[in-house]
Amino acid sequence: MARSWTRLHEHLGAAPGPLSFDMIRQAATYTLEETDDLDWKEQLPQPPRDGRWNEMAKDVTRGGLIIFGVRNKTCELVGIDPEQANIQQYHQWSPNHVQPYLPDITFTTLPSPDASMSVLVCDIPASPMAPRVRPVAEQGGGDRLIGRLSAYLT
């Protein structure tokens, strides 16, 4: 279950409750900058290739919100194709690519009120097990573990 209070709620002055498309639109309109616990992504996560990490595997080690469908430099709301969002596959990546496992990660597709656009919200809650580690393919082959020093939400 997604959290009902995030720093996005705090920034917008919103009451506790589920995130909505309009909250995302408002944050993008304000050009809310990325922080340790808010990450804008234009495109949906891509599957790992050749044992290498994709952008999502790197980002989930930090915790917070990752919002797909917003350009990260300009905060332009561009949306995602909800038919292409494979939430089941995203859940399968986590136990294989981030240790310890992220059991409470949620993915929520939020359509606009007129259904003309959608965004995907990945919510990684706070964890006493932070920082997470992720395998990284080294040049020349083989994997090693490195720690992410970015803190989870407090």
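Scroll up a little and you will see the structure.
What comes next is a walk through the structure. Values in this document were obtained by computation on a predicted structure and should not be read as measured data. (Residues numbered from 1 in each chain as written. Predicted model: local features only at pLDDT ≥ 70, side-chain atom pairs only at ≥ 80, totals over all residues. Heavy atoms only, no water.)

A word on the sheet that holds strand 1 (residues 38-41)
Phase 1: The sheet built from four strands is open, its strands ordered 1-2-4-3 with mixed pairing. Bordering the open sheet on either side are strand 1 and strand 3 (106-111), each of which pairs with just one other strand. Adjacent strand axes in the sheet meet at a mean angle of 20° when their direction is disregarded.
Phase 2: Judged from the five bridges that link them, strand 2 (residues 64-68) and strand 4 (residues 118-124) form a sheet pairing that is antiparallel. Across the sheet, the residue bridging to L65 is D123, located in strand 4.
Phase 3: Helix 2 (residues 21-29) rests against strand 1, strand 2, strand 3 and strand 4 of the sheet, and its axis sits at about 90° to strand 4. (Pairing = 2+ DSSP bridges. Helix = DSSP H or I, 4+ residues; strand = E, 2+ residues; numbered from the N terminus. Axes fitted to C-alpha atoms, helices over the stretch in contact; angles between N-to-C directions. Contact = heavy atoms within 4.5 Å.)

Notes on helix 2
Structurally, the α-helix is built with 3.6 residues per turn, so residues lying three or four positions apart point the same way.
Phase 1: Every buried residue of helix 2 is listed here: F21, M23, I24, A27 and A28. In a view along the axis of helix 2, the buried residues occupy a sector of 160°, so they form one face of it.
Phase 2: Packing partners of the buried residues in helix 2 comprise helix 1 (7-12), strand 1, strand 2, strand 3 and strand 4.
Phase 3: Phi turns positive, to about 55°, at T31, one or two residues after helix 2. (Buried < 20%, exposed > 50% of the residue type's maximum accessible area, 1.4 Å probe, protein only. Arc of directions from axis to C-beta.)

On their own, these measurements won't tell you what the molecule is for.
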